[in-house]
Amino acid sequence: MLKRTVLSIAIIIPTIAQAAVYQCKVNGQTVFSDHPCGSDAKEIEVNAPPINGGTSMQTEAGDKFVKSRELDREIKRLERKRKSSETPWTKR
């Protein structure tokens, strides 16, 4: 029962927590605020990026890191396979 309550709250809170964003001009500069910042304040809609999918935020450095991790895992797997297939007379 407690798990369902916590899950329900976790699902509902993000929808409630959406705040308004206002845009207005102050001293000739465009300003964004969470509350009306002047008489010309306009509420604007801000669309958050999708949680799953959407555009990729991966970088080249991130891709290289992931590839190096995959290669390291493959090397370790092959080393384990080699060690397990060695017989006592082939060991050095």
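Note that the structure is a prediction, hence the values are computed from the model and not measured.

Draft legend 1. Molecular detail of the overall build of the chain. Per the secondary structure count, the chain includes two helices and three strands. Ordered by position from the N terminus, the helices and strands of the chain form the series α-β-β-β-α. The 92 residues of the chain split such that 3% are buried. If you take every contact in the chain between residues at least 6 apart in sequence, the share linking residues at least 24 apart comes to 3%. Here the chain displays about 9000 Å² of accessible surface, and carbon together with sulfur accounts for 58% of that area.

Draft legend 2. Geometry of the sheet that holds strand E1 (residues 21–26). On the basis of which strands lie adjacent, the open sheet formed by three strands has the order E2-E1-E3 and antiparallel pairing. For this open sheet the edge positions go to strand E2 (29–33) and strand E3 (42–44), each flanked by a neighbour on one side alone. On average, each strand axis in the sheet is inclined to that of its neighbour by 35 degrees, with strand direction left out of account.

Criteria and thresholds
Residues numbered from 1 in each chain as written. Predicted model: local features only at pLDDT ≥ 70, side-chain atom pairs only at ≥ 80, totals over all residues. Heavy atoms only, no water. Helix = DSSP H or I, 4+ residues; strand = E, 2+ residues; numbered from the N terminus. Buried < 20%, exposed > 50% of the residue type's maximum accessible area, 1.4 Å probe, protein only. Contact = heavy atoms within 4.5 Å. Areas by Shrake-Rupley, 256 points an atom, 1.4 Å probe, with all protein chains shown as cover. Pairing = 2+ DSSP bridges. Axes fitted to C-alpha atoms, helices over the stretch in contact; angles between N-to-C directions.

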